[in-house]
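Residue-level structure breakdown
Here's the letter readout for the chains.
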Amino acid sequence: MVLSSFSPMEVTLLGSFSAFSPVSSERRLSNAVFSSSKSNPRRRTHRVTAVKSVALKTHVGGRRLRKYENGAATVAEVVENPYSGAETASPDLHKSLSDFLEEARDLVGDDDGPPRWFSPLECSSQAQGSPLLLFIPGIDGTGLGLIRHHKKLGEVFDVWCLHIPVMDRSPAKDLVQLIERTVKSESYRFPNRPIYLVGESVGACLALDVAARNPNFDLTLILANPATHVNNLMSQPLVGMLNVLPDGVPTLLGEIFGFKQGDPLTAVLGGGILRDLFAVSANLPTLSRIFPKDTLLWKMELVKSAVASANTHIHAVRAETLILLSGRDQWLLNEADIDRFARTLPNFIVRKLKDNGHFLFFEDSVDLVTIIKCTCFYRRGKSHDHISDYIMLTSYELKQLVDDHKLLIDATSPVYLSTLANGKRVRGLEGIPSEGPVLYVGYHVLLGLEIVPVITQFLKERNIHLRGLAHPMLMWNIQDDRLVDPEMLDKYKMLGAVPVSNFNIYKLLQSKSHALLYPGGIRESFHRKTLQGEEYKLFWPEQPEFVRVASKFGAKIVPFGVVGEDDICHLVLDAKDQRNIPILKDFMDYIDEATKQAGNLREGDGTELGNQICYLPGLVPKIPGRFYFYFGKPIETAGKEQELKDKDKAQEFYLQVKSEVEQCIAYLKMKRESDPYRHLLPRMLYQASHGFSSEIPTFDL
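Treat the numbers as computed from the prediction; the structure is a model and nothing was measured. As a convention, each chain's residues are numbered from 1 in the sequence order in which they are written. In keeping with the predicted nature of the model, local features appear solely for residues at pLDDT of at least 70, side-chain atom pairs appear and are counted solely at 80 or more, and the whole-chain, interface and lining totals rest on all residues. Only heavy atoms go into the side-chain values, all of them from the structure, while hydrogens and water stay out.

Moving on, we come to the overall build of the protein chain. Helix and strand counts for the protein chain come out as 23 helices and 21 strands. Every residue pair with non-hydrogen atoms within 4.5 Å of one another is taken to be in contact. Considering only contacts in the protein chain between residues 6 or more positions apart, those separated by 24 or more positions represent 80%. When the accessible surface of the protein chain is totalled, it reaches about 30,400 Å², and 52% of it is carbon and sulfur. Here a strand is any run of E in DSSP of at least two residues, a helix any run of H or I of at least four, and the numbering for each starts at the N terminus. Each accessible area is a Shrake-Rupley result for a 1.4 Å probe, and residues are judged covered by the shown protein chains and nothing else.

Right, dumping it as C-alpha cells:
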C-alpha cells in the first residue's frame, strides 16, 4: 500500500490496506514505500523492509507527499505471442466483492479521522506524463471501489482514491471543498496535466459539484450511475426501517439488503452481488463496520444533499463527461435526468450497460480502462490525440477481440502471402519490413471484413501493430442506440484506428509507425450492386495523395490485395435498393444525417469517388470460401523526396503503386482457382484428420 495523506493527521503505516489502523504489535512490510513531510518543503521517499509502529505526521498545505520508485512504465505491453494462452485477464479483474471486503477489513477497522487520499500499490507503474485520476467513492466510502481495475488504471493514470472513514460525518459541501483543494493544488503543480474525476453514485454528484465550481480547470468526468435523484418510494421505507431495527448488524443487513429471489430492494441494490456477499459469513463483520446503523442513516442524508447540490449547479459544468449508465439500476438513477444532462452538459457521452446493476465496477463484464479506450476518452494533454494518446491493446483484450471474430476467421481460414526483398513469394508475413515507417496501401473489402483478421495476424506473427486510417464516422461515440449499437465501432478504436487525414498520415509516418491506408475509402468498402459487380474494383483518387508525405520520411510502401468477399456473401441490397423500401426510410435518413455530419472526405471530387454513401448492405451469406491476402514487394521512397516533389514524377509513382495493388488482386483471383482447400468441406476434412489447430495448405506459390 502506498499512502499519501492530504489532511493534517496522524496515521500508522502497516502495509497492504491497513494503513489507517492502529498497531499494537510489530508488523513486517515488504517493499512498502511511504513519504513524510515536515517543515522542510522537500519531499523525501523512504523504503522500509521492517518497521515497528511507524507513525507519520503529515503537514501538507496542498503538497503531494508521495514519490514512486521505478515509476516509469510503458503504457501497455503486448507479449511476443498474444495467442500463447499464457495471458488471461488482468489480475485485478479476477477480484470480487469478497476481495474488496477482505482488503477493506483493516482499512475500516476502528477508523476515525478526516477524509483523506491514498494511492494503491498496484497503481505504482504509471507511464511518465500520465494524467491524475481522483476516485470519489460511492455510499461505502472506503475508496476501494476500483479494486478490480487498479492495476490497469495504474499503468495509464496516477491514481488517488478518497477514503471517507466510517464515523466521519463531513457534509457534502465539505467533501466537495476537500476535492476542490486537491484539484487546485495539483493543477497548480502540473498545469498541463488533465485531472480525471471518477465518481460512483453519490461520488458522481460530488464530482459534478467540483466541476461546476471550477469550470476553468482542465477536468474530465467519468460518472458511474450518478445519483441524479433519490427514489422516495424506496428511500423513505428504507430510512424508516433503519430507525426501528436494532443495531445488530448481521440482522440489520439481512433485513435491509434482503437477498430473497424477487425482492425488489435486492434488485435495486445489486441482487446477485449481495447474495454472493451474504453467502460468505466471514464478510458480515466487515460489513458491520462499513455500514453501522447510524452511518447508513447519515449516508442517506448525504445522498440527498449531494443530489440536490449537483442538480442545482449542473448548468455550470464545462468539463467533458462520460456517464456509465446501468440498465438495472433504479434506485438513484433516472434516465430522464440523463437526458437532461445530455442537453445541459456541453461535452457529454453516455455509455449504456444494459445488463449491469448498480455496482458497475465490481461486475465481471465491466473493464473501465477498456471503456475509456472504446470512447477515446483518454488524453495526456488538452485534447485527445488519436496517435499519442492511444493505449495499446493488452494480450487479454486482443484475445477477446479475436474470440469475437473467431467465426469469421475460422470459417474463412485466411491465407497470407508476402514478398521478400529478392521478389520471392512466401507464405506468411516474412516479407513485411520490421522497422517503420511503413505505409500499407491496398483494396478495401466489403464492410471492411478484412481489417480484424489482418491486424490480429500481424500482431500474432510479427508483433507489428498496424494503425489503420479510418473514416472519421467510425471514431464517433454514437448516442442514439435505437438504430445502431454503439459497441459496433468499439473494435476500430481498440485496434488503434486514426481518423484519415493528411496530417494524421504525416504524424504516423513521422513516428515510424506501420500505417494502413485505403485510398478507395468507404466508396470501396460500401460498393454497390451492378451488372458487372464492383468487388475488386479500385476507387482511388486521381491525385497522388500519399506519395510525397511517404517520401519525406523515407517510408516503405507495401501494396497489397485481398480476395474472398465474393466467396462468403452475395450483395442483394445496396443503398439505392434500400431507399426504395419504406420500412427502411428512418434508418436511411439516420445514415444520411450521420454521413453529412461526418463530412464527405472527397467533396468536390467530380469522379465516382466523390459519391460517398454509407449504408449497411443487404447480404445473403454463402457457404464460406476463403480469404486471401497478398502483400507485394515493398517499394522504397528513401532518397526520392526531391524527385517526387515533381508533380509528374509523383503521379507516375502513384500509378505504379496502384498497378501493384491491381496485380496483387489479379494474382489471388487466378491462383485461388487452383486451391484445393478453397471451399469449406475440404478444409473441415483436412483439419479433422490433421488437427483443428493445423495450418491448412493452399495453392502452389
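After presenting the structure, the write-up continues.
With that settled, the discussion passes to helix α10 (residues 293-313). The span one expects for a helix is its residue count, reduced by one, times 1.5 Å. The terminal C-alpha atoms of α10, which comprises 21 residues, lie 31 Å apart, in line with the 30 Å expected from a rise of 1.5 Å per residue. The buried label applies to any residue whose accessible area, calculated with a 1.4 Å probe on protein chains only, is under 20% of its type's maximum; exposed applies above 50%, and partly exposed to all values in between. The set of residues buried in α10 consists of Lys293, Thr295, Leu296, Lys299, Met300, Leu302, Val303, Ala306, Val307, Ser309 and Ala310.

Take helix α4 (residues 202-213) next. Between its first and last C-alpha, α4 extends 17 Å over 12 residues, near the 16 Å set by a 1.5 Å rise per residue. Across the 12 residues that make up α4, a large majority, 11, are buried. By the burial criterion, the buried members of α4 are Val202, Gly203, Ala204, Cys205, Leu206, Ala207, Leu208, Asp209, Val210, Ala211 and Ala212.

This part takes up the pattern of salt bridges. Every case where a carboxyl oxygen of Asp or Glu lies within 4 Å of a side-chain nitrogen of Lys or Arg is listed as a salt bridge. Evaluation of the coordinates by the stated rule reveals 26 salt bridges. Here Arg169 and Asp294 are joined by a salt bridge, their closest N and O atoms 3.4 Å apart. Placement of the pair is Arg169 in the loop between β7 (158-163) and α3 (172-189) and Asp294 in helix α10, with a sequence separation of 125 residues. Assessed through its relative accessible area of 29%, Arg169 is described here as partly exposed. Here Asp174 and Lys173 are joined by a salt bridge, their closest N and O atoms 3.2 Å apart.

This part covers the confidence of the model for the protein chain. Each residue carries a pLDDT value, the predictor's own confidence for that position, ranging from 0 to 100. When pLDDT is averaged along the protein chain, the result is 77; 73% of the residues meet or exceed 70. Within the protein chain, the lowest mean pLDDT, 25, falls on strand β4 (residues 54-58), and the highest, 98, falls on strand β21 (residues 628-631). Every residue in residues 82-87 scores below 50 in pLDDT, and together they form 10 contacts with partners more than four places removed in sequence or on other chains. In this model, residues 232-245 is a region of pLDDT below 50 whose contacts with residues beyond four sequence positions or in other chains number 25 contacts.

Centres within 6.5 Å are what make two rings of Phe, Tyr or Trp a pair, Trp counting through its six-membered ring; a difference in plane orientation under 30 degrees is then read as stacked, over 60 as edge-to-face, and the rest as tilted. On inspection of all chains with the given rule, the structure shows 19 aromatic pairs. An angle of 85 degrees between the planes, with centres 5.2 Å apart, marks the rings of Phe157 and Tyr378 as edge-to-face. A residue pair is termed long-range when its members are at least 10 positions apart, and Phe157 in the loop between α2 (150-156) and β7 and Tyr378 in the loop between α12 (368-374) and α13 (395-404) qualify at 221 residues. The pair formed by Phe157 and Tyr378 is uniform in burial state, with each residue classed as buried. An aromatic cluster is built from Tyr440, Phe458, Tyr518, Phe560 and Phe631, whose rings are joined through pairwise contacts.

Before going further, it helps to spend a moment on unusual backbone geometry. Cis geometry is found at the peptide bond from Gly436 to Pro437, where omega equals 5 degrees. Counting through the fold element by element, Pro437 comes out in the loop between β13 (425-427) and β14 (438-442). Phi angles above zero are rare outside glycine, and Asn463 is one such case at about 55 degrees. Tracing the backbone shows Asn463 in the loop between α15 (451-462) and β15 (466-470).

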